[in-house]
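The lines below spell out each chain.
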Amino acid sequence: MTPGAPGINEKVLQYETFINEVLKRDLQKVLDQRDTVYEKIAQYLQLKNTIKSIQETDSKELKTDVDLGCNFYVQAHVPDASKIYVEVGYGFFVEFTHAEALKFIEKKTNQLTEYTEVLTKDAAKIKANIRMVLEGLRELQGLKDLPEDRRREVF
């Protein structure tokens, strides 16, 4: 084995560790965040459809199933469904008329959609970094085959 080979092997190991422990973890975090935002958007769109259904039936009363947690549902009767409470963030709920709720949902879904675009761009940047480091690994592994004097020129 040539004297420069262990240095290259160490660098390859450092790059592989960086990819696995930093870049892939960061990528997974961003993708998980984006999935969470997509779930919120879906919930708001479901609420929008429910409000529109209430408006179409022009009913003041509402019978529905409420999830108490762990997919355990109970029937609920709402005598006056002309106003609803919508979670606006940080655990706060605001009472809205149907029209106000629809406006809020529209703004909130637009805001969340913009955020998913930012997260998608972040994920693309991390993927590009992973590709760049992998390309660096390929180059380092190709250097192992070079003669010692050529390897010194590179480093």
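This one's a predicted model, so the numbers in the text were calculated from it and none came from an experiment. (Residues numbered from 1 in each chain as written. Predicted model: local features only at pLDDT ≥ 70, side-chain atom pairs only at ≥ 80, totals over all residues. Heavy atoms only, no water.)

## Comments concerning the layout of surface pockets
Space inside the largest pocket adds up to approximately 1,200 Å³. Lining the largest pocket are 31 residues, with Q43, Q46, L47, Y85 and E87 positioned closest to its centre. The greatest single-element share of the lining of the largest pocket, amounting to nine residues, is contributed by helix α1 (residues 5-57). When the residues that make up the lining of the largest pocket are grouped by side-chain class, the tally is 18 nonpolar, six polar and seven charged. (1 Å grid on protein atoms, 1.4 Å probe; cavity = no way out; pocket = protein on both sides within 12 Å on 5 of 7 lines; lining within 4 Å. Points joined across faces, edges and corners; volume = space filled by probe spheres on them. Helix = DSSP H or I, 4+ residues; strand = E, 2+ residues; numbered from the N terminus. Nonpolar A, V, L, I, M, F, W, Y, C, P; charged D, E, K, R; others polar.)

## Quick notes on unusual backbone geometry
The phi angle at C70 is positive, at roughly 55°, despite the residue not being glycine. Structurally, C70 is set in the loop between β1 (62-67) and β2 (73-78). If you check the backbone angles, N71 has positive phi at about 55° while not being a glycine. Its place among the elements puts N71 in the loop between β1 and β2.

## Side note on the side chain of R34
Looking at where R34 falls in the secondary structure, it is placed in helix α1. For the buried residue R34, which engages in no salt bridge, the nearest side chain bearing the opposite charge is D35, 4.6 Å off. In contact with R34, not counting residues within four places along its chain, are T116, L119 and T120. (Buried < 20%, exposed > 50% of the residue type's maximum accessible area, 1.4 Å probe, protein only. Lys, Arg positive; Asp, Glu negative; His and termini not counted. Salt bridge = Lys/Arg side-chain N within 4 Å of Asp/Glu carboxyl O. Contact = heavy atoms within 4.5 Å.)

## Here's the deal with the confidence of the model for the chain
Averaged over every residue, the pLDDT of the chain is 86; residues scoring 70 or more account for 87%. Looking at the elements of the chain, mean pLDDT is at its lowest for helix α3 (residues 148-154), recorded as 50, and at its highest for strand β4 (residues 92-97), recorded as 95. This model gives residues 151-155 a pLDDT under 50, and the stretch forms 12 contacts once residues within four places in sequence are excluded. (pLDDT = per-residue confidence, 0-100.)

## Examining the side chain of T109
Mapping T109 onto the fold places it in helix α2 (residues 98-143). According to the relative accessible area criterion, T109 is buried, its value standing at 8%. Separated by 3.1 Å, the side chain of T109 and the backbone oxygen of E106 make a polar contact. Setting aside anything within four residues of it in sequence, one finds T109 in contact with I41, Y44 and L45. (Polar contact = N/O pair within 3.5 Å; in protein donor to acceptor, adjacent residues only side chain to side chain.)

## Examining the nonpolar core
In this structure, I19, L27, Y44, I51, V86, A101 and I130 are the most contacted members of the largest nonpolar core, which totals 26 residues. Breaking this core down by element, the ones donating at least two residues are α1, β3 (83-89) and α2. Broken down by element, this core gets its largest block of residues, 12 residues, from α2. What Y44 contacts, discounting residues up to four positions off in sequence, is V86, E87, F104, I105, K108, T109 and L112. (Core = buried A, V, L, I, M, F, W, Y, C linked by side-chain atoms within 4.5 Å.)

## So, the environment of Q43
Note on placement: Q43 falls in helix α1. Overall, the relative accessible area of 53% leaves Q43 in the exposed class. Q43 sits 62 residues away from I105 along the chain, and the two C-alpha atoms are 9.9 Å apart.

## Observations concerning the pattern of salt bridges
What the rule picks out here adds up to three salt bridges. Between R25 and D26 there is a salt bridge, with the nearest N and O atoms lying 3.8 Å from each other. Measuring nitrogen to oxygen at the nearest pair gives 3.4 Å for the salt bridge that ties K48 to E106. Taken as a pair, K48 in helix α1 and E106 in helix α2 lie far apart in primary sequence, 58 residues in all. Relative accessible area serves as the criterion here: at 37%, E106 is assigned to the partly exposed category.

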